[in-house]
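Residues per chain are reported as follows:
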Amino acid sequence: MNHIKKKIKVGFTTGDINGIGIEIFLKVCSKKKLLDFFTPILFGSTKLCFYYKKILNMEINNIREVKNFKEVVDYKINIFNIWKDDIKFESIKINHPESGKYPISSLKKAVKALKEGKIDVLVTAPVNKKHMNFKNFSFFGHTEYLQNVLGGESLMLMIHDFLKIALVTNHLPLKRVSSELNIKKIIKSIKILRKSLIIDFSVEKPKIAVLGCNPHSSDNGLIGNEEKIKIKPAIDSLFQKQGWLVFGPYPSDSFFGNQSYRNFDAVLAMYHDQGLIPFKTLTFNHGVNFTAGLSHIRTSPDHGVAYDIAKKGIANESSFEEAIFNAIKIFKNRKEYMEFSLSKLS
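Along each chain, residue indices are assigned from 1 in the same order as the chain's sequence is written. Local features are withheld for residues below a pLDDT of 70 in this predicted model, meaning they are given only at 70 or higher, and side-chain atom pairs are given and counted only at 80 or more; totals for whole chains, interfaces and linings count all residues. Note: side-chain values were computed over all heavy atoms of the structure, leaving out hydrogens and water.

### What about unusual backbone geometry?
Inference 1: For the peptide bond that leads from G248 to P249, omega is 0°, which places it in the cis range.
Inference 2: Strands are runs of DSSP state E lasting at least 2 residues, helices are runs of H or I lasting at least 4, and numbering of each runs from the N terminus. Looking at the element boundaries, P249 is found in strand β9 (residues 245-250).
Inference 3: In this model, H216 sits at a positive phi of 60°, which is unusual for a non-glycine residue.
Inference 4: With respect to the helices and strands, the residue H216 is situated in the loop between β8 (207-211) and α9 (226-242).
Inference 5: Of note, D219 is a non-glycine position whose phi angle comes to about 50°, a positive value.

### Looking at the sheet that holds strand β3 (residues 63-66)
Inference 1: Strands sit in the order β3-β4-β2-β1-β5-β12-β11-β6-β7-β10-β8-β9 across an open sheet of 12 strands; the sheet is mixed. With one partner strand each, in any of the chains shown, β3 and β9 form the two edges of the open sheet. Direction aside, neighbouring strands of the sheet carry axes that sit 25° apart on average.
Inference 2: The pairing criterion is simple: DSSP has to find at least two bridges between the two strands. Relative to strand β10 (residues 266-269), strand β7 (residues 164-167) runs parallel, the two being bridged by three bridges. Its bridge partner lying in β10, I165 is registered against V267.
Inference 3: Here a residue-residue contact requires only that any non-hydrogen atoms of the pair lie within 4.5 Å. As a rule, the C-alpha atoms of each element are fitted with a line to give its axis, helices using only the stretch in contact, and angles between N-to-C directions run from 0 to 180 degrees. Relative to the sheet, helix α11 (residues 272-283) contacts β6 (152-159), β7, β8, β10 and β11 (288-294), its axis offset from that of β7 by approximately 160°.

### So, the pattern of salt bridges
Inference 1: A carboxyl oxygen of Asp or Glu within 4 Å of a side-chain nitrogen of Lys or Arg is what we treat as a salt bridge. Enumeration over the complete set of coordinates arrives at 11 salt bridges.
Inference 2: A salt bridge links E153 to K188; the nearest nitrogen and oxygen atoms lie 3.2 Å apart. Of the two residues, E153 sits in strand β6 while K188 sits in helix α8 (residues 183-201), which places them 35 residues apart along the sequence.
Inference 3: Looking at E153, the relative accessible area reads 39%, which means it is partly exposed.
Inference 4: For K188, a relative accessible area of 37% translates into the label partly exposed.
Inference 5: Between R334 and D200 there is a salt bridge; the shortest N-O distance is 2.5 Å. Pair noted here: R334 is in helix α12 (residues 318-345) and D200 is in helix α8, with a separation of 134 residues, a long-range link. Each member of the pair, R334 as well as D200, is classed as buried.
Inference 6: Residues participating in the shared-partner salt-bridge network are K31, E317 and E321. Three exposure classes are used, based on accessible area relative to the maximum for each residue type with a 1.4 Å probe and protein chains only: buried under 20%, partly exposed in between, and exposed over 50%.

Listed below in structure tokens is the structure:
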């Protein structure tokens, strides 16, 4: 198991260059004790890092430009320059017509390196989804692009020490949620979630709670019928036929209000705000977004670009730091699971 002790190469994207991504990246990677655990590699620009270092008045002396992966050095902030050096970042404002191309190119280079095994895990900084809708990039955001390039069936999973919430549907208008829900999709989400809990989080027999879609889980059909015709059949299929520990559907308000979530290894929510509002309320600045179900590991902080506080030096880097160490932990858990599985076969 010596390769598990090897220092893990963590790749980073810049995120929106007008957001807080580079600030929180530099804040975390300037903590030299943290670099005992991983080697950072940013796909972006040394000029962008020095620009932020200057305007935030940060004392950082370990930024290093690299031209190939053989030049990557431990205890340095390794930067691959993927943009022209003459970019004037101060002139590229939030609504600049080309502001979206920088986070996209950073993402593409980082994911390519991840797929090729040049980095072990990927941590993505926040982006503005409106700006990601750029020329020749037809994906709504990170998750959709990662699934397309890396393959597999992705599942948005918000993680914290005491709470994990996955989403059946991601970024959809509320009026479309019901029509997007079906038994097959709910079963698929539960399967991805259960597999991730076993392999990525070392949970031997996952216990999963499934939330309803309507207020009070429809009150036995008084407020909608999604629970009866879509959610309950999916749960019953896995509980009765597979013997999996899947329960529900639970009314989401009382489920979180009375702390029932503490009795489960993970929760499956039907739509974005149903899962994200309680998650961020309970874990804000310490929660992490993990893309489960893919062959490679990607995490991100649980917040957005935060334009309102960008370039002021006051952004909280805790969630970004948690994203790094959760990625490292998942990487090690996967290695151990594979080794254990192979040992059983030999």
